[in-house]
Amino acid sequence: MNKIVEARFIGPEVKLFKIEAPKIAEKRKAGQFVILRVDENGERIPLTIANSDIENGTITIIVQGVGATTKKLNTLEAGDFVRDLVGPLGKASHIEKFGTAVSIGGGVGTAIAYPTARALKEAGNYVISIIGGRSRDYVILENEIKQVSDEVFPTTDDGSYGFHGFVTQKLQELLDNGRKIDFVLAIGPIPMMKAVADVTKPYNIKTVVSLNPIMVDGTGMCGGCRAYVGGKPVFVCVDGPEFDAHQVDFQILMQRNRMYNSFEKEAYEHYCKIYEMHDKELNKSL
Amino acid sequence: MSELKAKERMAIERHHMPEQDPNIRNRNFAEVNLGYTIELAIEEAERCLRCKKPLCVEGCPVSVKIPEFIQMIAEGKFQEAAEILKEDNALPAVCGRVCPQEEQCEAVCIYVKKGKPSVAIGYLERFAADWERENAKLREPKLAPRTGKKVAIVGGGPAGLSCAGDLIQMGHDVTVFEALHEIGGVLIYGIPEFRLPKEIVKAEVDALERLGVKFVTNYVIGLTETIDELKSKFDAIFIGVGAGLPYFLNIPGEHLNGVYSANEFLTRVNLMKAYDFPNHPTPIYDVKDKVVIVFGGGNTAMDAVRTALRLGAKKAMICYRRTEKEMPARIEEIKHAKEEGVEFKFLVAPLELIGDEQGNLKQVKLQLMELGEPDSSGRRRPVPIKDAIEIIDVDAVVVAIGNGSNPIISSTTPELIVNKWGNIIVDESNMKTNMKGVFAGGDIVTGGATVILAMGAGRTAAKAIDDYLKNPESW
């Protein structure tokens, strides 16, 4: 059991949690993740560690409520507990001084990119961050990103804030303006990561993406998270989660992530039903 | 019952294990074997000839005092029988269910020499352990005086639990670190409920906890804390992390949806209880009224194919590249699978998995084989029959062809010497690794093997750890 010490929404359905986990806080490096179970019967879900506070023994995770488990998690508040938390899992980001590094986060991917952007900055890179969202509310962590970047470009699909367009369009604009870019990190929805890879490939810019496939144990035991990189199978949980974007088979990644779509809907409806019942009971008792 | 003569004992027929009806059990997850009644157990125990030099004890990897515990059962002293078992075996209710007795203790039973079925040692072990769990009052455990020495056990599976059970009785302070959220390793995530109810594993773990073993879940040694860090806090370390890195077939189409490793398929069902979706929100591919093929011929393959039946598959089939004779699975598992309606296809090897445009598995292309010359294992090697290809429709495939070694410990402990497959190299007489104070045993040393061999390694290590803690200079 791990205690939640802080919980607040930072975007629509996007919630930030600080959770007591002193050992993980001490050990984790940028790019690593945890696996969490909300409650006794819960499923195991992987979440990237956004930050840690060694002194207070907490880690920060940022959760987008998309399915039954994440929505349930997002109902928890400070003082509540999560049933299980294990980590830090996966390999740390490969950090070196590349020169100019562009960190691209799409939606909640910004939270995953943040620790790596910070590590890149600390390693002496000139860091340009592009943080995208559907609209203004979906652009998250702008202040935090500013602190670890030399330049920040928010983008929105609808133009309600910052650059009007996709993160890839902003990246293309930088390249068109002759900016010399040595390294790109892209984290977000799979189509976004694929689009970034397509933009950087002709320029031969080293590009890294963080994959978020379906996982169970997160320690290499089940092989459910296998992805294909350079035509070869990898286990994202132990070989990744970060890989060379130009080698990743995004098509297979997308296909495998669809495997349980119908179940996710059913689980969500089941959860809503229980939750409604719970709400009714609660209202009755009040 | 008065004292029987050997001839009278030998006249008693071996008692069958009562089982759930195959056509009922193949649709439920309740245990298949129902256990002996008191009467059956006593009668079966009377068959034991109480050999002066019991070969069965030598046949047991943990040297259970078999004739002694069986005699206690014959005398109706079930508690005593269980206590004798526990002196040598930390998990008797588990071993009574999953050990391949027919290759170990029962294989060398004097009855077999005389051409008769052996004493049902496994069934009797299970009986005594179950009786104790259900009936016995908790007694103060007999523990050696505390030594104040601390031992870390890495991995809460059979090797680790067996090692922990011995060390705590020897008086040491024992902490088990487990990566998953439950203790038991393969006993929890791998072996299905219908063969080994999880409640039994839990009871055996609880018993160890009552003896004073500390359990820490959600703790990945190598990541949450390294072996080197553990060394500064513990006087000795035992690594029993299992094999646990599934092999795949390395054929086209393995990325398709509906293709599982046995580890994933079984973990979703056993540990995460996907059969109870959506009450347990972890999903598993819907195989209801569908066709499931399992590649492999071992116990894990049998577990997977029988699980598929219970999930509602209309056809659950084993595809194995050799013949039934070469299958490594226990005879009882094969028999149970057949009774339940599992189909077997021998002498076939998968060539390709074929999917639709959405990436869902639809068909498998098989190469038909025939047996050729014996290979290094002495088994006749299967060789492809030219142009003999068969394509069959399938909805889900489970790959159960074994496991490699998990890289987390070896990659974070550069000093530790492993072989080219990543298995930790030990001195098999004492399970010592090349690092002082660090021992290892079970599948991480041998590659995928059985529960009882892992437990045997845990015992050997416990004895060596005890010696080492008494005299650390002896390393």
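A short tour of the structure in this document, coming up. (Residues numbered from 1 in each chain as written. Chains lettered and ligands numbered in written order. Predicted model: local features only at pLDDT ≥ 70, side-chain atom pairs only at ≥ 80, totals over all residues. Heavy atoms only, no water.)

### Considering the overall build of chain B
Working step 1: When its secondary structure is counted, chain B shows 19 helices and 15 strands.
Working step 2: With the C-alpha coordinates aligned to their principal axes, the bounding extent of chain B is approximately 65 × 60 × 50 Å.
Working step 3: Expressed as a percentage of the 475 residues in chain B, the buried residues total 59%.
Working step 4: About 19,400 Å² of surface is accessible on chain B, with carbon and sulfur atoms providing 52% of the total.
Working step 5: Across chain B, the centroid of the 59 positively charged side chains sits 3 Å from that of the 68 negatively charged ones. (Helix = DSSP H or I, 4+ residues; strand = E, 2+ residues; numbered from the N terminus. Buried < 20%, exposed > 50% of the residue type's maximum accessible area, 1.4 Å probe, protein only. Areas by Shrake-Rupley, 256 points an atom, 1.4 Å probe, with all protein chains shown as cover. Lys, Arg positive; Asp, Glu negative; His and termini not counted. Charge placed at Lys NZ, Arg CZ, Asp CG, Glu CD.)

### Observations concerning the nonpolar core
Looking at soluble globular proteins, one finds that nonpolar side chains tend to be buried together.
Working step 1: Membership of the largest hydrophobic core comes to 103 residues, with the highest contact counts inside it found for B:I66, B:F69, B:I73 and B:I465.
Working step 2: Examining the composition of this core, we find that 11 residues originate from one element, helix α19 (residues 451-470) of chain B, more than from any other.
Working step 3: Apart from residues no more than four positions distant in its own chain, B:I73 is found in contact with B:A41, B:I42, B:A45, B:F78, B:A81, B:L124, B:F127 and B:A128.
Working step 4: The next biggest cluster of nonpolar side chains, apart from the first, holds 61 residues, and it includes A:L175, A:V184, A:V236 and B:V348. (Core = buried A, V, L, I, M, F, W, Y, C linked by side-chain atoms within 4.5 Å. Contact = heavy atoms within 4.5 Å.)

### Some details on the pattern of salt bridges
Working step 1: Counted by the stated rule, this structure contains 60 salt bridges over all chains.
Working step 2: A:K23 is paired through a salt bridge with B:E225; the nearest N and O atoms lie 3.3 Å apart. With one member in each of two chains, A:K23 in helix α1 (residues 22-27) and B:E225 in the loop between β3 (214-216) and α13 (227-233) form a pair that bridges those chains.
Working step 3: Its relative accessible area of 2% is what places B:E225 among the buried residues.
Working step 4: For B:D130, the salt bridge identified is with B:R133, shortest N-O distance 3.0 Å. Placement of both B:D130 and B:R133 in helix α9 (residues 121-135) is noted, with a separation of 3 residues, approximately one turn of the helix. (Salt bridge = Lys/Arg side-chain N within 4 Å of Asp/Glu carboxyl O.)

### Let's talk about the sheet that holds strand β16 (residues 242-244) of chain A
Residues and elements named next belong to chain A.
Working step 1: Taken in spatial order, the 7 strands of this open sheet run β11-β10-β9-β8-β12-β13-β16, and their pairing is mixed. The outermost strands of the open sheet, each flanked by one partner alone, are β11 (163-164) and β16.
Working step 2: In this sheet, β11 lies alongside strand β10 (residues 151-156) in parallel orientation, the contact comprising 2 bridges. Bridged to T156 within β11 is H164.
Working step 3: Strands β8 (100-106), β9 (126-133), β12 (183-187), β13 (206-210) and β16 of the sheet are contacted by helix α3 (residues 109-122), whose axis makes an angle of about 165° with β8. (Pairing = 2+ DSSP bridges. Axes fitted to C-alpha atoms, helices over the stretch in contact; angles between N-to-C directions.)

### Quick word on the packing of helix α3 (residues 38-46) of chain B against α9(B)
All names here are of chain B.
Working step 1: It is the contact of α3 with α9, at a shortest axis distance of 10 Å, that shows an interaxial angle of 135°. In terms of axis orientation, α3 runs oblique to α9. Taken as a pair, α3 and α9 cross one another with a handedness that is left-handed. Judged by residue contacts, I38, A41, E44 and A45 of α3 engage L124, F127 and W131 from α9. (Parallel < 35°, antiparallel > 145°, perpendicular 65-115°, else oblique. Left-handed = near helix turned anticlockwise from the far one by under 90°.)

### Digging into the interface of chain A and chain B
Working step 1: If you look at the interface, chain A gives 41 residues, while chain B gives 45 residues.
Working step 2: Summed over both sides, the interface of chain A with chain B buries roughly 3,600 Å², with 59% coming from carbon and sulfur.
Working step 3: In this structure, the connection of chain A to chain B is made through 2 salt bridges.
Working step 4: Between chain A and chain B we count 19 residue pairs in polar contact (both at pLDDT 80 or more) in total.
Working step 5: The greatest single-element share of the side of chain A that touches chain B, amounting to 6 residues, is contributed by strand β7 (residues 84-89) of chain A.
Working step 6: Taken together, the residues of the side of chain A that touches chain B break down into 17 nonpolar, 12 polar and 12 charged. (Buried area = accessible area lost by both parts, 1.4 Å probe. Polar contact = N/O pair within 3.5 Å; in protein donor to acceptor, adjacent residues only side chain to side chain. Nonpolar A, V, L, I, M, F, W, Y, C, P; charged D, E, K, R; others polar.)

### Re the environment of A:G218
All names here are of chain A.
Working step 1: Structurally, G218 is set in the loop between β13 and β14 (226-229).
Working step 2: Residues G218 and K97 lie 121 residues apart in sequence; the distance between their C-alpha atoms is 30 Å.
Working step 3: Sequence-distant contacts of G218, that is, excluding residues within four places in its chain, are made with F33, I35, L89 and C237.

### Focus: the packing of aromatic side chains
Working step 1: Enumeration according to the criterion identifies 16 aromatic pairs over all chains in this entry.
Working step 2: Judged by centre distance (5.6 Å) and plane angle (85°), the rings of B:Y36 and B:Y123 are edge-to-face. With B:Y36 in the loop between α2 (22-25) and α3 and B:Y123 in helix α9, the pair connects residues that are 87 residues apart, well separated along the chain. Each member of the pair, B:Y36 together with B:Y123, is buried.
Working step 3: Aromatic side chains B:F78 and B:F127 sit 5.0 Å apart centroid to centroid with 85° between the ring planes, which places their arrangement in the edge-to-face category. Of this pair, B:F78 sits in helix α6 (residues 78-88) while B:F127 sits in helix α9, and the two are 49 residues apart along the sequence.
Working step 4: Judged by its relative accessible area of 6%, B:F78 is buried.
Working step 5: Overall, B:F127 belongs to the buried group, its relative accessible area being 7%.
Working step 6: In textbook terms, an aromatic cluster arises when at least three aromatic residues are bridged by ring pairs, as seen for A:Y260, A:F263 and B:F277.
Working step 7: Positioned above the aromatic ring of B:F234, the side-chain terminus of B:K150 is 5.3 Å from the ring centre. (Phe/Tyr/Trp six-rings, centres within 6.5 Å; stacked < 30°, edge-to-face > 60°. Lys NZ or Arg CZ within 6 Å of the ring centre and 35° of its normal.)

### Quick notes on the pairing of strand β13 (residues 396-399) of chain B
Residue and element names in this part refer to chain B.
Working step 1: Side chains A396 and V398 project from β13 onto one buried face, and the interleaved V397 and V399 project onto a second face that is buried too.
Working step 2: Of the pairings in the sheet, the one linking strand β6 (residues 259-261) to β13 comprises 3 bridges and is parallel in character. In the sheet register, V259 faces β13, and the bridge partner there is V397.
Working step 3: Here strand β7 (residues 291-295) pairs with β13 via 4 bridges, running parallel. Along β13, the bridge assignment pairs V292 with A396.

### Section: the side chain of A:K27
Working step 1: For A:K27, the position within the fold is in helix α1.
Working step 2: In terms of polar contacts, A:K27 uses its side chain to reach the side chain of B:E229, at 2.5 Å.
Working step 3: In this structure A:K27 touches A:Q32, A:P88, B:L223, B:T224, B:E225, B:T226 and B:E229, once residues within four positions along its chain are discounted.

### What about the environment of B:E264?
Working step 1: Summarising the element assignment, B:E264 is placed in helix α14 (residues 262-270).
Working step 2: The class of B:E264 is buried, set by a relative accessible area of 3%.
Working step 3: Residues B:E264 and B:M10, spaced 254 residues apart in sequence, show a C-alpha to C-alpha distance of 46 Å.
Working step 4: Beyond its immediate chain neighbours, meaning those up to four positions away, B:E264 contacts A:V216, A:C222, A:G223, A:G224, A:R226 and A:Y260.

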